[in-house]
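Close look at the chain arrangement
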Amino acid sequence: MVKLGVQGMTVKDAFNENAYDTMKRLAGIGYKSVEISQIETSPENIQALVQACQDFDMEIASMSASLEPQTEGGESLTTDYDKIVADCKAVDTDLLRIGMLPLNYMSSLEKVKEFSAKANEYAKRLKADGIKLYYHNHHIEFVKYDGKYLLDIIAEEAPELGFELDIHWVQRGGGNPVDILNQYKGRVDLVHLKDYRVNPIPESAIEGLFKGEMDEFSKYFYNNVEFAELGQGSLDLPTIIQAAIDAGARYLLVEQDDTYGRDPFDSLTDSYKWLVDNNYNDLF
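Presented here is a report on the structure given in the accompanying data block. (Residues numbered from 1 in each chain as written. Predicted model: local features only at pLDDT ≥ 70, side-chain atom pairs only at ≥ 80, totals over all residues. Heavy atoms only, no water.)

A closer look at the overall build of the protein
A tally of regular secondary structure across the protein gives 12 helices and 12 strands. Relative to the 2.2 N^0.38 estimate, which gives 19 Å for 284 residues, the radius of gyration of the protein is 19 Å and therefore close to what a compact globule would have. Seen along its three principal axes, the alpha-carbon backbone of the protein occupies a region of about 65 × 50 × 40 Å. Among the 284 residues that make up the protein, the fraction classed as buried is 51%. Counted over contacts in the protein with a minimum sequence separation of 6, partners at least 24 positions apart contribute 78%. Surface summary for the protein: the accessible area is close to 13,100 Å², and the carbon and sulfur share equals 47%. (Helix = DSSP H or I, 4+ residues; strand = E, 2+ residues; numbered from the N terminus. Rg over C-alpha atoms; globule rule 2.2 N^0.38 Å. Buried < 20%, exposed > 50% of the residue type's maximum accessible area, 1.4 Å probe, protein only. Contact = heavy atoms within 4.5 Å. Areas by Shrake-Rupley, 256 points an atom, 1.4 Å probe, with all protein chains shown as cover.)

Considering the pattern of salt bridges
This structure, assessed with the given rule, holds 18 salt bridges. In this structure, lysine 118 engages glutamate 68 in a salt bridge whose closest nitrogen and oxygen atoms are separated by 3.1 Å. Of this pair, lysine 118 sits in helix H5 (residues 109-128) while glutamate 68 sits in the loop between strand S3 (59-64) and helix H4 (77-90), and the two are 50 residues apart along the sequence. Glutamate 68 gets classed as buried once you look at its relative accessible area, which sits at 17%. We note a salt bridge from aspartate 94 to arginine 250, for which the minimum N-O separation is 3.1 Å. (Salt bridge = Lys/Arg side-chain N within 4 Å of Asp/Glu carboxyl O.)

Observations regarding the nonpolar core
With 81 residues, the main nonpolar core has Phe15, Leu26 and Leu96 as its most contacted residues. For this core, the element with the most residues is helix H3 (residues 43-56), which contributes 7 residues. By size, the runner-up hydrophobic cluster in this structure holds 6 residues, among which are Ala61, Tyr134, Leu190 and Tyr251. (Core = buried A, V, L, I, M, F, W, Y, C linked by side-chain atoms within 4.5 Å.)

Looking at the layout of surface pockets
Computed from the structure, the largest pocket encloses a volume of approximately 860 Å³. Around the largest pocket, the lining comprises 33 residues; the ones closest to its centre are Ser37, Gln38, Ser64, Ala65 and Ser66. Grouping the constituent residues of the lining of the largest pocket by class yields 14 nonpolar, 13 polar and 6 charged. Computed from the structure, the second largest pocket encloses a volume of approximately 160 Å³. As for the second largest pocket, its lining consists of Met9, Thr10, Val11, Lys12, Asp13, Ala14, Gln256, Asp257, Asp258, Thr259, Pro264 and Phe265. When residues of the lining of the second largest pocket are traced back to their parent elements, those giving at least two are helix H1 (12-17) and helix H12 (264-277). Split into classes, the residues belonging to the lining of the second largest pocket amount to 5 nonpolar, 3 polar and 4 charged. (1 Å grid on protein atoms, 1.4 Å probe; cavity = no way out; pocket = protein on both sides within 12 Å on 5 of 7 lines; lining within 4 Å. Points joined across faces, edges and corners; volume = space filled by probe spheres on them. Nonpolar A, V, L, I, M, F, W, Y, C, P; charged D, E, K, R; others polar.)

Topic: the sheet that holds strand S1 (residues 3-7)
With parallel pairing, 8 strands are arranged side by side around a closed barrel as S1-S2-S3-S4-S5-S8-S9-S12. Taking the axes of each pair of neighbouring strands and ignoring which way they run, one obtains an average angle of 30° across the sheet. The sheet contact formed by S3 and strand S4 (residues 95-98) spans 2 bridges and is parallel. Bridged to methionine 63 within S4 is leucine 96. (Pairing = 2+ DSSP bridges. Axes fitted to C-alpha atoms, helices over the stretch in contact; angles between N-to-C directions.)

Some details on the state of the cysteines
Should the sulfur atoms of two cysteines be covalently bonded, the bond is a disulfide. For the structure shown, the criterion picks out 0 disulfides. Free cysteine cysteine 53: the closest other cysteine sulfur is in cysteine 88, separated by 13 Å. Residue classification places cysteine 53 among the buried positions, given a relative accessible area of 15%. (Disulfide = S-S within 2.5 Å.)

Here's the deal with the packing of H5 against helix H6 (residues 150-157)
Taken N-terminus to C-terminus, the directions of H5 and H6 make an angle of 40°; their axes are 9 Å apart at the nearest point. On the basis of the axis angle, H5 is oblique to H6. Where H5 crosses over H6, the handedness of that crossing is right-handed. The segment H5 lies against H6, with Leu109, Val112, Lys113, Ser116 and Asn120 engaging Leu150, Ile153, Ile154 and Glu157. (Parallel < 35°, antiparallel > 145°, perpendicular 65-115°, else oblique. Left-handed = near helix turned anticlockwise from the far one by under 90°.)

Here's the deal with the environment of alanine 65
Relative to the assigned elements, alanine 65 resides in the loop between S3 and H4. Along the sequence, alanine 65 and isoleucine 84 sit 19 residues apart, while their C-alpha atoms lie 7.4 Å from each other.

Notes on the packing of H4 against H5
Contact geometry of H4 with H5 gives a least axis separation of 12 Å together with a crossing angle of 20°. Between H4 and H5, the angle is such that the two are roughly parallel. Considering only the axes of H4 and H5, their crossing is right-handed. Residue-level inspection shows Leu77, Thr78, Tyr81, Asp82 and Val85 of H4 in contact with H5, the latter providing Tyr122, Arg125 and Leu126. A breakdown of the residues in the contact of H4 with H5 according to their chemical character gives 5 nonpolar, 1 polar and 2 charged.

As for the environment of leucine 237
Inspection of the secondary structure puts leucine 237 in helix H11 (residues 237-246). Along the backbone, leucine 237 and valine 178 are 59 residues apart, and their C-alpha atoms lie at a distance of 9.7 Å. For leucine 237, the contacting residues outside a window of four places in its chain are Ile167, Asp195, Leu230, Gly231 and Trp274.

Now the structure itself:
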């Protein structure tokens, strides 16, 4: 059965300050599943997550890992494989995800194929340890090479990889979230839920345009897409959620990359309320 949860990155600052209390606050909103991302996986934090799951009837949906170190001293599958596997087992999850295409692999098709081959080998190795590896998309995967989306090339080159599809980033890349979910049916256990908001252009920018002042108008005209709380944007969320369920997703995880000055817990509360108001509360 599919479960609704939250992507912990949305409140990463709170997690890195006090993981136990953050889990308690998320449980207080109503969330029962959490994906751990951009959160320090120190022994203390791992123990806090384990204790919070016991105390608040929660579960860790998935953990995160980089293929190779992305910062000096950063953890990765290449350098810290045994620790990452041990952390997954400690928090009782069999799902591990790579959060994005590493920057050093974005420059060419050849580099992407190199990444895919390495990721596929780690997916095989993790499978033997009882863990499945997933890849999370952004919009860069909708670059085309020889008529194929980069996402499809990764899928072909790394057949052992599962996918964590992010519906906002699919939309931002020019794809149709429902079509992509249908295409990868059976290979999608994780889905990120967030809305896609297009903002109006302020009156001041319009007035400036007629005075020959293009800069403010251009800023708002070309950069007016935002991440949004569920129900606060233009995505057909009921149809997308049903497509995710039909695709075999195990977890639908609410995420908001930027809350634009709002308290992220307030944003997660608004998204939770939308889900409850639209009769998805039985999935928590």
